[in-house]
Each structure stands twice: as C-alpha cells, then as structure tokens.
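# Overview (structure and organization)
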Amino acid sequence: MSDRSQNYLVPGNITVSHGVVRGVGSVSDKVSRRGTQHGIQFYSNGGANLGGLLFNDSSSTP
Amino acid sequence: MDNDGPALQCALSSGYSVYVPAGTYLVDNSAGPLVIRNFSNTLQFASLAEVTCNTPNKACLIFSGGTNPAFLNLHVTYSSVPTNDCRNGGTLCVTVMFDGQNSPVIRGTFVENAWAIAISVNNTYNTQVLSTVIQHSTRDGLFLQDNQKIFVNDLVVTDAGDDCLGFHSTPAGNGRNGGTASNITCISTRGAGIAFAGGTDLTVSDFVVNGTSVRGST
C-alpha cells in the first residue's frame, strides 16, 4: 500500500489499544517492504515509518 | 460460460431489495467488473449463495453510490485462485469495492481467494463493516480510504498479500476522517497487520496480529 505516488496524508490522532502482536517477521514474502516488522505500520507518505514500538500495559500496577 | 452478471445487475437496479438464494452465480468480469450504481436497498445472500468471477486478474464486483443500503452475507470469489497481485501499473486492484455510499451496512461478507485488495471501502459516510471474513488475497485484506466515521467490528483476515487492515486518506478525500475498528484478527499477513496511511481520529482496539512478513528479497 505504501508508495509516495499514492499521495496519502500523514495520519494523526491514532489510538491503538488492547492488542496482541506476535510472529512478527515470520511469514515468507517476495516483496521488499518497509515498516512491516512491527505488526502495526504508521506511514507518512514516503517518509519514515513508525519504527520501534513501546508497549505500555496501563492496566498492570506495580 | 453462463454469465449471471446481467441478471444480477437487472435485479440490483430494480429499486427493490434483493434476496439471492443458494447457488453459484457466475460473473464474466473479463471486460470489467460488475458495477452496481446507487443501490439503496437490502441485498442479502443466502448462506450458500456466492458470486464467482471468471477472470482472476480483474476486479469482480463494485457498488457505487447509494443511501442506507445493506449488504448482507455477500460471498465473493474467483473461479481460479488469483496469483497476480496488481503491482506494476495495475488499476482498480480490488475484488469487491464499496464506493461513495451514505450510511451503508456491510455485514457478513466473505471473500475468499481474492485478487489484489479483497474488500475496499472508499469515500463513504457512516459505514458499518461487520462480521467480515477474508481468506487469502494477493494484496490487502480490508482497505479503507477517505471514509467519514467508519465503524469496523469483527474482522478476520487470513493470508493477506499485503496489509490486513489499512486506513488511508488522500487530499481528494476532502477531510473525511474518523473511525473505529475492534475485534480484529490478522493471521499470516505479508505486510503490516494494521496500517495507517493517512486518516485522523482513528481508534483500533481488541486485535490480534499473528504473523507478519519478513522483508522480501525482490
């Protein structure tokens, strides 16, 4: 989905919660893609992708 | 081959709701998809009804326009499993598209062995996409672009050739934004599990992404 010619806007005010991401990078692929190694991709029109994710389970308490 | 496309188009252009009984309805899409315009009633497929398109490298079924339509239990596939992924200059890269509806309800859709994007929902307002199953596509599973207040619940995508669920917006969308997606299951995705390429005010919750692609070599 991601190439500059598609002229996508920059996403904003995105909330992602209560999820599980596993098996990242486990599926064979013939197409070279960026930003797919996180399970969740935040794409900004040919620019940098989301990068590493930090997960914070706010429901857990010390 | 028999071509049930004209009969389907006639029924879906009648101005009435349509119930499709069990059976396989062959559509010749070799010259282009079956395009239904301004359907504003209820289309309901029986549990064993399916539309099968005969050309697995072209779009199959397009709904364009309409107000308050309901699309219930649509089942769409191809007569042979697509392998082409509509890269390198392909157009209308989608199996089923909903475009330009106002307040549609799209419930119980099942798309298997999809060419390119399995289901694309574009340029709509207040859309509900409910209880959707996609099994194998050569590109994205559920592709959403330039929709205003879309609501997705209960989506299962298996073996997508690109993103499982993607939100997109473009300048042509005139600021249509907002939506929620919940109860999302993405299994074996050759792209991102959940992708955001544009769009604002989006909330995704209660999801499982199990298996995304390694970086390819070509």
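Residues numbered from 1 in each chain as written. Chains lettered and ligands numbered in written order. Predicted model: local features only at pLDDT ≥ 70, side-chain atom pairs only at ≥ 80, totals over all residues.

## Some words on the overall build of chain B
Helices and strands together make up the secondary structure of chain B, namely one helix and 19 strands. If you line up chain B on its principal axes, its C-alpha atoms span 45 × 35 × 30 Å. A buried classification covers 50% of the 218 residues belonging to chain B. Residue pairs in contact within chain B that sit at least 24 positions apart in sequence constitute 61% of those at least 6 positions apart. (Helix = DSSP H or I, 4+ residues; strand = E, 2+ residues; numbered from the N terminus. Buried ≥ 20, exposed ≤ 12 C-beta atoms within 10 Å, placed from the backbone. Contact = placed C-beta atoms within 7 Å.)

## A few points about the overall build of chain A
When helices and strands are tallied, chain A shows zero helices and two strands. Among the 62 residues that make up chain A, the fraction classed as buried is 26%. Pairs at least 24 residues apart make up 33% of the contacts formed inside chain A by residues separated by at least 6 positions.

## Details of the environment of Ser182(B)
Along the chain, the position of Ser182(B) falls in strand β17 (residues 179-189). The spatial distance from the C-alpha of Ser182(B) to the C-alpha of Val204(B) is 5.7 Å, given a sequence separation of 22 residues.

## A short note on the environment of Ala118(B)
Residue and element names in this part refer to chain B. Tracing the chain through its elements places Ala118 in strand β12 (residues 117-122). With 30 C-beta atoms counted inside 10 Å, the residue Ala118 sits in the buried group. In sequence terms Ala118 and Val204 are 86 residues apart; their C-alpha atoms lie 20 Å from each other.

## Examining the pairing of strand β5 (residues 49-53) of chain B
Residues and elements named next belong to chain B. Where strand β2 (residues 23-27) and β5 come together, five bridges link them in parallel fashion. Among the inter-strand pairings, Gly23 is bridged to a residue of β5, identified as Ala49. Direction of pairing for β5 relative to strand β8 (residues 75-78): parallel, over a ladder of three bridges. If you follow Cys53 over to β8, its bridge partner there is Tyr78. (Pairing = 2+ DSSP bridges.)

## Topic: the interface of chain A and chain B
At the interface, 37 residues of chain A touch 39 residues of chain B. At the level of secondary structure, the elements contributing two or more residues to the side of chain A that touches chain B comprise β1 (12-22) and β2 (40-43) of chain A. Per-element accounting of the side of chain A that touches chain B gives the leading share, 11 residues, to β1(A). Counted by class, the side of chain A that touches chain B contains 15 nonpolar, 18 polar and four charged residues. Pairing of β2(A) with strand β18 (residues 194-197) of chain B involves four bridges; the strand directions are parallel. Opposite Ile40(A), over in β18(B), you have Ile194(B) as the bridge partner. (Nonpolar A, V, L, I, M, F, W, Y, C, P; charged D, E, K, R; others polar.)

## Focus: the confidence of the model for chain B
Scored by pLDDT, chain B has a mean of 95; 98% of the residues are at 70 or more. Scoring of the predicted complex yields 0.93 for pTM and 0.89 for ipTM. (pLDDT = per-residue confidence, 0-100.)

## Overview of the nonpolar core
Core analysis: the largest hydrophobic core is formed by 67 residues, its most contacted members being Val96(B), Leu142(B), Leu165(B) and Ile194(B). The leading source of residues in this core is strand β15 (residues 150-160) of chain B, at five residues. (Core = buried A, V, L, I, M, F, W, Y, C linked by C-beta atoms within 7 Å.)

## Considerations on unusual backbone geometry
Residue and element names in this part refer to chain B. Backbone geometry at Asn126 places phi at a positive 55°, although glycine is not the residue there. Its location among the elements puts Asn126 in the loop between β12 and β13 (128-137). Judged by local crowding, Asn126 falls into the partly exposed class, with 17 C-beta atoms found within 10 Å. Backbone geometry at Asp146 places phi at a positive 55°, although glycine is not the residue there. Relative to the helices and strands, Asp146 resides in the loop between β14 (142-145) and β15. Since 25 C-beta atoms lie within 10 Å of it, Asp146 is described here as buried.

## Overview of the sheet that holds β2(A)
The strand order across the open sheet built from eight strands is β2(A)-β18(B)-β16(B)-β14(B)-β12(B)-β9(B)-β6(B)-β3(B), with neighbouring strands paired in parallel fashion. Each end of this open sheet is capped by a strand with a single partner; those strands are β2 of chain A together with β3 (34-37) of chain B. Pairs of neighbouring strands in the sheet enclose a mean axial angle of 10°, with direction left out of account. Here four bridges tie strand β6 (residues 61-64) of chain B to strand β9 (residues 94-99) of chain B, and the two strands are oriented parallel to one another. Across the sheet, residue Leu61(B) finds its bridge partner in β9(B), namely Val96(B). (Axes fitted to C-alpha atoms, helices over the stretch in contact; angles between N-to-C directions.)

## Comments concerning the environment of Cys164(B)
All names here are of chain B. As for its placement among the helices and strands, Cys164 is situated in the loop between β15 and β16 (165-168). According to the C-beta neighbour criterion, Cys164 is buried, with 32 such atoms within 10 Å. Here the alpha-carbon distance between Cys164 and Ile134, two residues 30 residues apart in the chain, equals 9.3 Å. Residues contacting Cys164, with those up to four places away along its chain left out, are Gly141, Val157, Cys186, Thr189, Gly193, Ile194 and Val209.

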